[in-house]
Amino acid sequence: MILGGLFCLLVLPLLDASSIEEKTAGPRLNNEKLYRYSYEAEVLLDRSKGAPAEGVGHKITATVRVHLVWRNPSNKDDQLIQIDMTDVRIENVNPRPADKNIFLATSAESILGKEQLAALQRPLLVNLVFGKVNTLYANPEDSTAIRNLKRGLVSLFQLQLTSGNREEVDVSGRCKIRYLTQKGQVTRHKQVESCKIPQTGFMSHSKVLGVSKTSQSTTVFTVDDRFIKSAHAEETHLVTLNARQSLALKIKARQKLQLLAIEAGPKETPGKQVASIVKSLNPKYTTIPLPAEAIKSDCKDCRPLSELWQSVRKDLEPENLSDAKATRSFLSLIQSLRKAKKQEILKLLKSASKSALPQLVDTVTSAQTTASLEAILDFLDFSDEKGVTLQERFLYACGFASHPNQKMLKVLMGLYKGKIASRDIKESTVIIMGAIVKKLCQSGGCDLPTVKEAKKLILEGLRDSEEEDDIKMYLLAIKNAQLPEATPLLAKYSEEGSGPVSSLAIMALQKYSTALITDEIKKVLNRIYHQNRRIHEKTVRTAAANVLFNSKPTYMEVKNLLLSIGFLPHEMNKYMLSKVQDILQFELPASKVVRQVMKDMLVHNYDRFSKIGSSSAFSGYMTRSQDIASTYSLDILYSGSGILRNSNMNVFAYSKDSLLHASQVMIEAQGLESLIAATPDEGEEDLDSYAGMSAVLFDVQLRPVTFFKGYSDLMAKMFTATGEPMNVVKGLILLVDHSQLIQLQSGHKASVDFQGGLAIDISGGMEFSLWYRESKTSVNNRGMMVVSGNANVDLGLHRAGVERSFETEAALDFITTVKFSEYPFLVCMQMEKQQFPFRQFLTKYEQLASGKKFVSRKKRVDLVPGSEFPLHQENSNMCNKVFEESSW
């Protein structure tokens, strides 16, 4: 056994290494012979689970003739061969009835045109050396699409006759190849993901909102006496939306080369140099690389930008944003904007109506081109406080950008250093800079000069700030950026800052991975929770406890947290108990350690675990499927007098081993005890009256909004309140953004685009009734989403494609009602999802340049019932009492 192990370790690698020698055996052609083959190249597009007969595409068939032109006298494996095609036909990839067959009564010449057909049939010269394509020679007048099809054919003549791994250059680029040989058969497996070829397009920074591609490519050759009798190649690409894998597109390419006959052919041309031989045959021929050349893709909607805007502008009016048509218009306008020039975009911005302008700013910024960025900057005047709404919509669109670049970050830095009239806009600029820094770092750009400069600006800004508002601004930027080097600063402000600063610094730490929460930071958090150095507000202490629970706590850390229960303010006691129960019931990471600690009766006893109160923590699943899991959590903390202190609602999405913080809406209130003549809790006696709301959307922290600040402001707002919720964020967001070209071995290029748009409206509010001694807080989420995936192959004069899409609108409301007329006060929490439709669409199409086309459309509509998400049983009991007694 030991000898066998040594053999595997020492001998097999040497055998494998011998198989990747450059000078390995390849196919040879005989002199004065013409090899005539039948050739088929087809491409098929469909949904992932579609039957082969349902796909769209085309098939090219031809007769291929191959003969030897020249052989190196000193090396028989150095050959120059000529390949050409005749009898070219283009037809359906699958049989189709006459009324749906656009290729009926057509010819290759009528489809391609006389010149293109002549170019396709023009001979190609290939220099093969030891089975590898060394040089290609072609007529420079051939179009790019024609040359690529010829490259696909040439790739079938490149192979090795011995097993082993190697790198090869073919039409797909430089790829890793594995050859397996048997008697008379060679199988070539190409690792498509390893192919190196200039890439165009872009992808989302988030895996949850991103797209995955799986590919396979296999070619089976039959060989006799070192020449190819047949070659069968099949290549499949499956492109899938991670969050909903039923939204997947399949691209399949096949090639078939079959020897028909060996006939008498031309004699070998004498000579010593390949170049001179080629020149003597056709002086026009030049060398071309084997990897495919880029083809400029045609626009999907080729109307001028101004014309498209006229057709969609009504859809982007505020009253129409709840319609799926608005989101589709948003996506189509982005595509057009990405091809537009700066002056066209600027003219559009200046001509838009006042009501549609905020949505147009969202769209122009989401295009993420140099022209669109320069146009929007020329349009907006940040020195004018009147344009605050448009300025903030621009900044938020930058924060949600799917693939931001250095230029966008540099623009925000320039704005910050320039003149900004509004304090709110200055704060948003810094906060969004942090979000862009994070996205650039996620894509490997952490060491880019502009990113380094932005990180320095944020960190030094925090160190040098003395005003509390400035400190909070930079802390929010760090929360977005998640800079590892900022953790010592966050620990400092967590322990030494005022209540709001400390709470914000701790919540920023909560965004970091557990690997970055060091023992030193955990010591700081323990000191804060246990108040070893000074008194802290309840919100600060519970935030510290949450970070500890989520950061792989030790046995003693958990034990000390649990032993504190019973010695805390009433509502904090109840919150901590509820938090522990939630960790156990939802099997959160700390549950194992908590169970170990609770075996100690000193910790787990009736006295400690029977504390009353209304504060709570609860987690649950919104959805669970093979594609994605979505969870929600609700944390509510009250003051001892029954007034809301903190309400925190989070939604997380998990897919592809990745996490997305989909949303967080947090309502904070303090200093309201004077309204009901109650006594504040310890450490909160001198707090000013305040209520506000903070939101995180798709991992981007937004600027918090204030409901009121100070007693006089509170009284003014109460007497002038309309009952309408305050808007936190409203706009159009480019949620999914993926574009790529896939080079197929057949020489075709497939274009794949996934786009998803979201029209969103998040608002929240607080209402008080001193007469009925009741309060209500509400968080209202409204969204309309459209996601589409499109794959197409464009041969120039024939285009085929498939598009899958879905659209839905949903509403999620979180309402908390509190009756503080007695103690323990009554609290009812409700989290409701309204009934909504889910519509799916499938479109397949083919079109010739002549105008003949085939289109197939399918639609399915499902109705998703509304529901109220479950919370703990205690809440259900409380809600029954609240609604029985409520008079408001």
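Residues numbered from 1 in each chain as written. Predicted model: local features only at pLDDT ≥ 70, side-chain atom pairs only at ≥ 80, totals over all residues. Heavy atoms only, no water.

A.B. asks: Is there a simple way to think about the overall build of the chain in this case?
C.D. replies: Across its full length, the chain carries 24 helices and 28 strands. With respect to the three principal axes, the spread of C-alpha positions in the chain is 110 × 75 × 50 Å. A total of 888 residues make up the chain; the buried ones form 56% of that total. Long-range pairs, those at least 24 residues apart, make up 69% of the contacts in the chain between residues at least 6 apart in sequence. A distance of 7 Å separates the average location of the 112 positive side-chain charges in the chain from that of its 99 negative side-chain charges. (Helix = DSSP H or I, 4+ residues; strand = E, 2+ residues; numbered from the N terminus. Buried < 20%, exposed > 50% of the residue type's maximum accessible area, 1.4 Å probe, protein only. Contact = heavy atoms within 4.5 Å. Lys, Arg positive; Asp, Glu negative; His and termini not counted. Charge placed at Lys NZ, Arg CZ, Asp CG, Glu CD.)

A.B. asks: I'm lost on the side chain of Asp-77 in this one. Help?
C.D. replies: Position of Asp-77 relative to the elements: it lies in strand S3 (residues 75-91). Within polar-contact distance, the side chain of Asp-77 engages the side chain of Arg-28 at 3.0 Å. When sequence neighbours within four positions are dropped, the list of residues in contact with Asp-77 reads Gly-26, Arg-28, Leu-128, Val-129, Phe-130 and Arg-226. (Polar contact = N/O pair within 3.5 Å; in protein donor to acceptor, adjacent residues only side chain to side chain.)

A.B. asks: How should I be thinking about helix H18 (residues 519-530) in this particular structure?
C.D. replies: Side chains of residues three or four places apart in an α-helix project in the same direction, reflecting 3.6 residues per turn. With twelve residues, H18 extends 16 Å from end C-alpha to end C-alpha; this agrees with the ideal 16 Å at 1.5 Å per step. Among all positions of H18, only Ile-521, Lys-522, Val-524, Leu-525, Asn-526, Ile-528 and Tyr-529 are buried. Against the buried residues of H18 lie helix H16 (487-496), helix H17 (499-510), helix H19 (538-549), helix H20 (555-563) and helix H21 (570-585). (Expected span 1.5 Å × (residues − 1).)

A.B. asks: Teacher, can you tell me more about the pattern of salt bridges here?
C.D. replies: Oppositely charged side chains may form a pair once their charged atoms are brought near each other. As enumerated under the stated definition, the model contains 47 salt bridges in all. In this structure, Asp-77 engages Arg-28 in a salt bridge whose closest nitrogen and oxygen atoms are separated by 3.0 Å. Taken together, the residues span a long stretch of sequence, with Asp-77 in strand S3 and Arg-28 in the loop between helix H1 (2-18) and strand S1 (33-47) at a distance of 49 residues. With a shortest N-O distance of 3.4 Å, Asp-635 and Lys-579 are connected by a salt bridge. In this pair, Asp-635 is assigned in strand S15 (residues 629-638) and Lys-579 in helix H21, connecting sequence segments 56 residues apart. Accessibility assignment for this pair places Asp-635 and Lys-579 in one class, buried. Shared partners join several salt bridges into a network, and the residues in it are Glu-42, Glu-234, Lys-252 and Arg-254. (Salt bridge = Lys/Arg side-chain N within 4 Å of Asp/Glu carboxyl O.)

A.B. asks: It is not clear to me how the sheet that holds strand S2 (residues 56-72) should be interpreted in this structure. Could you clarify?
C.D. replies: To summarise the sheet geometry, strands pair through backbone hydrogen bonds and adopt either a parallel or an antiparallel arrangement. With antiparallel pairing, the twelve strands of this open sheet are ordered in space as S6-S7-S8-S10-S11-S12-S1-S2-S3-S4-S5-S13. At either margin of the open sheet sits one strand with a lone partner, and together these are strand S6 (164-170) and strand S13 (286-288). Looking at each pair of strands side by side, their axes are set apart by 25° on average, direction ignored. Inspection of the sheet shows strand S8 (residues 185-196) paired to strand S10 (residues 211-224) by six bridges, in the antiparallel sense. (Pairing = 2+ DSSP bridges. Axes fitted to C-alpha atoms, helices over the stretch in contact; angles between N-to-C directions.)

A.B. asks: Any chance you could explain the nonpolar core here in plain terms?
C.D. replies: Where a protein is soluble and globular, its nonpolar side chains tend to be buried together. Judged by nonpolar contacts, the single largest core of 245 residues is most densely connected at Tyr-37 and Phe-394. The biggest single contributor to this core is helix H13 (residues 423-442), with nine residues. Setting aside chain neighbours within four positions, we find Phe-394 in contact with Val-361, Thr-365, Leu-373, Ile-376, Leu-377, Leu-380, Phe-382, Leu-412 and Leu-415. Grouped together as the second largest cluster of nonpolar side chains are nine residues, Leu-125, Val-274, Ile-277 and Tyr-285 included. (Core = buried A, V, L, I, M, F, W, Y, C linked by side-chain atoms within 4.5 Å.)

A.B. asks: I'm lost on unusual backbone geometry in this one. Help?
C.D. replies: Note: most peptide bonds trans; most residues except glycine with negative phi. If you check the backbone angles, Asp-87 has positive phi at about 55° while not being a glycine. Assignment of secondary structure puts Asp-87 in strand S3.

A.B. asks: Sorry if this is basic, but what is going on with the state of the cysteines here?
C.D. replies: The bond known as a disulfide is covalent and runs between the sulfur atoms of two cysteines. Using the criterion set out here, one finds three disulfides in the structure. The disulfide partner of Cys-175 is Cys-195, and the gap between their sulfur atoms is 2.1 Å. The chirality of the disulfide connecting Cys-175 with Cys-195 is right-handed, given an S-S dihedral of about 115°. Taken as a pair, Cys-175 in strand S7 (residues 173-182) and Cys-195 in strand S8 lie far apart in primary sequence, 20 residues in all. The residue that forms a disulfide with Cys-828 is Cys-879, at a sulfur-sulfur distance of 2.0 Å. The S-S bond linking Cys-828 to Cys-879 shows a torsion near 95°; that makes this disulfide right-handed. On the criterion of sequence distance, the pair formed by Cys-828 in strand S25 (residues 826-833) and Cys-879 in helix H24 (residues 873-885) is long-range, its members being 51 residues apart. Relative accessible area serves as the criterion here: at 0%, Cys-828 is assigned to the buried category. Here Cys-398 is not cross-linked by a disulfide; its sulfur's nearest cysteine counterpart is in Cys-441, at 17 Å. (Disulfide = S-S within 2.5 Å.)

A.B. asks: I keep staring at the pairing of strand S16 (residues 644-655) and nothing clicks. Help me out?
C.D. replies: The side chains of a regular strand alternate between both faces of the sheet. Across the twelve residues of S16, ten count as buried, placing the element largely inside the fold. Here S15 runs beside S16; their pairing, made up of ten bridges, is antiparallel. Among the inter-strand pairings, Ile-636 is bridged to a residue of S16, identified as Ser-647. Hairpin connection between S15 and S16: a loop of five residues separates the two successive antiparallel strands, and Gly-642 in this loop has a positive phi of roughly 95°.

A.B. asks: When you look at the environment of Glu-809 in this model, what are you seeing that I'm missing?
C.D. replies: Mapped onto the elements, Glu-809 comes out in strand S24 (residues 798-819). Among the residues examined, Glu-809 registers a relative accessible area of 24% and is labelled partly exposed. As a C-alpha pair, Glu-809 and Arg-527 span 282 residues in sequence and 46 Å in three-dimensional space. In contact with Glu-809, other than residues within four places in its own chain, are Gly-783, Met-784, Phe-836, Pro-837 and Arg-839. A polar side-chain atom of Glu-809 sits 3.1 Å from a polar atom in the side chain of Arg-839.

A.B. asks: For this particular structure, what's the right way to read helix H4 (residues 144-154)?
C.D. replies: The buried count for H4 comes to nine of eleven residues, which makes it a mostly enclosed element. Listed in full, the buried residues belonging to H4 are Ile-146, Arg-147, Asn-148, Leu-149, Lys-150, Arg-151, Gly-152, Leu-153 and Val-154.

A.B. asks: Help me out: how do you make sense of the confidence of the model for the chain in this one?
C.D. replies: Do not read the fine detail of predicted coordinates wherever pLDDT is low. With 92% of its residues at a pLDDT of 70 or more, the chain shows a mean pLDDT of 88. Segment residues 1-22: pLDDT under 50, and 16 contacts once partners within four positions in sequence are set aside and those in other chains are kept. (pLDDT = per-residue confidence, 0-100.)

A.B. asks: Would you take a moment to explain the pairing of strand S4 (residues 124-129) for this structure?
C.D. replies: When you tally the buried positions in S4, you get five out of six residues, the bulk of the element. Here six bridges tie S3 to S4, and the two strands are oriented antiparallel to one another. When the bridges of S4 are listed, Ile-83 appears paired with Leu-124. Note that S4 and strand S5 (residues 132-138) share five bridges and pair antiparallel. What sits directly across from Val-129, in S5, is Lys-132. In textbook terms, the turn of a hairpin is the stretch between consecutive antiparallel strands, and for S4 and S5 this stretch comprises two residues, one of which, Phe-130, has a positive phi near 50°.

A.B. asks: Looking at this structure, I do not really get the packing of aromatic side chains. What am I missing?
C.D. replies: Aromatic ring pairs: the centre-centre distance and the angle between the two ring planes describe each pair. A full pass over the atoms with the stated rule returns seven aromatic pairs. Centroid distance Tyr-35 to Phe-227: 5.4 Å. Interplanar angle 45°. Geometry classified as tilted. Of the two residues, Tyr-35 sits in strand S1 while Phe-227 sits in strand S11 (residues 227-241), which places them 192 residues apart along the sequence. Take Tyr-35 and Phe-227: they sit in the same class, and that class is buried. For the ring pair Tyr-37 and Phe-157, a centre distance of 6.0 Å and an interplane angle of 85° mean the geometry is edge-to-face. Remark: Phe-157 occurs in the loop between H4 and S6 and Tyr-37 occurs in strand S1; sequence separation between them is 120 residues. Grouping residues by exposure puts Tyr-37 and Phe-157 together as buried. (Phe/Tyr/Trp six-rings, centres within 6.5 Å; stacked < 30°, edge-to-face > 60°.)

A.B. asks: Which parts of the structure should I look at to understand the packing of helix H12 (residues 406-417) against H13?
C.D. replies: To describe two helices that pack against each other, one gives the angle between their axes and the distance between the axes. Their axes nearest at 10 Å, the elements H12 and H13 cross at an angle of 155°. As judged from the angle between their axes, H12 and H13 are roughly antiparallel. The hand of the H12/H13 crossing is left-handed. Contact with H12, carried on its side by Gln-406, Met-408, Leu-409, Leu-412, Met-413, Leu-415 and Tyr-416, involves Lys-426, Thr-429, Val-430, Ile-432, Met-433, Ile-436, Val-437 and Leu-440 of H13 and no other residues of that element. Looking at side-chain class alone, the contact of H12 with H13 contains twelve nonpolar, two polar and one charged residues. (Parallel < 35°, antiparallel > 145°, perpendicular 65-115°, else oblique. Left-handed = near helix turned anticlockwise from the far one by under 90°. Nonpolar A, V, L, I, M, F, W, Y, C, P; charged D, E, K, R; others polar.)

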